[in-house]
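Examining the three-dimensional arrangement
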Amino acid sequence: LRGLETELGLPPDCARMGVFASPKGGGLQVHYDTHDIFSIQLKGSKRYNIAPVKEIRFPYGTQFGNEQSVFDDMYPQVQEGFPDWNNADYETIDMQPGSFLYMPRGTWHYTEATDEESLSISIGFKAPSAVDSMLELLRSSLLQDEAWRRPLYGIWGKADARKDAVDRA
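The paragraphs below set out a description of the structure included in this document. (Residues numbered from 1 in each chain as written. Predicted model: local features only at pLDDT ≥ 70, side-chain atom pairs only at ≥ 80, totals over all residues. Heavy atoms only, no water.)

Helices and strands together make up the secondary structure of the chain, namely four helices and nine strands. What you see for the chain is a C-alpha radius of gyration of 21 Å, clearly larger than the 15 Å of a compact globule of 169 residues, by over 25%. Across its three principal directions, the C-alpha atoms of the chain cover 65 × 40 × 25 Å. Taking all 169 residues of the chain together, 33% fall into the buried category. The long-range share in the chain, meaning contacts at least 24 apart out of those at least 6 apart in sequence, stands at 79%. Summing over all exposed atoms, the chain offers an accessible surface of approximately 11200 Å²; the carbon and sulfur share of this is 54%. Put simply, the chain has 17 plus and 25 minus side-chain charges, and the middle of one group is 6 Å from the middle of the other. (Helix = DSSP H or I, 4+ residues; strand = E, 2+ residues; numbered from the N terminus. Rg over C-alpha atoms; globule rule 2.2 N^0.38 Å. Buried < 20%, exposed > 50% of the residue type's maximum accessible area, 1.4 Å probe, protein only. Contact = heavy atoms within 4.5 Å. Areas by Shrake-Rupley, 256 points an atom, 1.4 Å probe, with all protein chains shown as cover. Lys, Arg positive; Asp, Glu negative; His and termini not counted. Charge placed at Lys NZ, Arg CZ, Asp CG, Glu CD.)

Shown next as structure tokens:
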């Protein structure tokens with residue numbers, strides 16, 4: 001994984017590997033991830049149903065899907081409405097041992113082990129976004145000034161205390 005990160009010009013520890021074992025008929029419910037995924041089928045067969053998330057390009061935060069709660073970072077990304085997996089145009093991909101599938105972040109997918117039990121490896125790359133990179137640079141710059149390191153009491157308080165804290169900031 002570290003070698004792949006280096007080859008792709010990514011920071012250390014942004015890649016994760018997981019093994020997925022499913023009995024015949026088992027699989028994952030529909031969701032999208034906020035990182036790029038490579039899936040390699042090792043044993044048995046698995047059917048992927050995939051579709052781009054039309055409502056959010058390059059979603060940020062955590063995965064989202066069927067029976068999952070909305071997270072705070074999602075609200076500013078969905079000004080035209082929440083993503084709907086029911087209206088996606090799915091493509092079916094049947095994976096056999098040795099098959100390789102790439103899914104960019106923001107791809108709806110659900111799976112099913114079709115003919116027998118299935119074993120696969122998924123490698124996820126959570127490459128930093130422009131937001132992450134800019135926030136890190138901004139944080140580094142602000143930490144150089146003692147005024148920005150000062151505690152901001154009242155920012156979560158009642159309206160008057162909150163206004164005073166905002167004014168101080």
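On we go from here.
Enumeration over the complete set of coordinates arrives at six salt bridges. A salt bridge links lysine 54 to aspartate 89, with the nearest nitrogen and oxygen atoms 3.0 Å apart. Taken together, the residues span a long stretch of sequence, with lysine 54 in the loop between strand E4 (46-52) and strand E5 (64-65) and aspartate 89 in the loop between E5 and strand E6 (91-95) at a distance of 35 residues. In this structure lysine 54 comes out as exposed when scored by relative accessible area, which is 55%. For aspartate 89, a relative accessible area of 57% puts it in the exposed group. (Salt bridge = Lys/Arg side-chain N within 4 Å of Asp/Glu carboxyl O.)

Spatial strand order, E1-E9-E3-E7: four strands in an open sheet with antiparallel pairing. Only two strands of the sheet have a single neighbouring strand rather than two, namely strand E1 (15-22) and strand E7 (100-103). Across this sheet, the average inter-strand angle for adjacent strands is 20°, counted without regard to direction. Bridge analysis of strand E3 (residues 36-43) against strand E9 (residues 118-125) gives seven bridges, and the strand direction is antiparallel. Within E9, the residue paired with isoleucine 37 across the bridge is glycine 124. (Pairing = 2+ DSSP bridges. Axes fitted to C-alpha atoms, helices over the stretch in contact; angles between N-to-C directions.)

On to the packing of aromatic side chains, then. Throughout the structure, instances matching the rule amount to nine aromatic pairs. With a centroid separation of 5.6 Å and an interplanar angle of 70°, the aromatic rings of tryptophan 85 and tryptophan 108 are classed as edge-to-face. Separated by 23 residues along the polypeptide, tryptophan 85 in the loop between E5 and E6 and tryptophan 108 in strand E8 (residues 107-113) bring together distant segments of the chain. In terms of burial, tryptophan 85 and tryptophan 108 fall into one category: buried. A ring pair is formed by tyrosine 90 and tyrosine 110, whose centres lie 5.3 Å apart and whose planes are at 75°; its orientation type is edge-to-face. Of the two residues, tyrosine 90 sits in the loop between E5 and E6 while tyrosine 110 sits in strand E8, which places them 20 residues apart along the sequence. Judged by relative accessible area, tyrosine 110 falls into the partly exposed class, the value being 32%. Grouping aromatic residues by their ring pairs yields a cluster made of Tyr32, Phe64, Trp85 and Trp108. (Phe/Tyr/Trp six-rings, centres within 6.5 Å; stacked < 30°, edge-to-face > 60°.)

Another aspect to go through is the environment of tryptophan 148. Structurally, tryptophan 148 can be placed in helix H3 (residues 146-149). The spacing of tryptophan 148 and alanine 169 is 21 residues in sequence and 7.8 Å in space, taken between C-alpha atoms. Non-local contacts of tryptophan 148, meaning those with residues more than four positions away in its chain, are made with Leu142 and Ala169.

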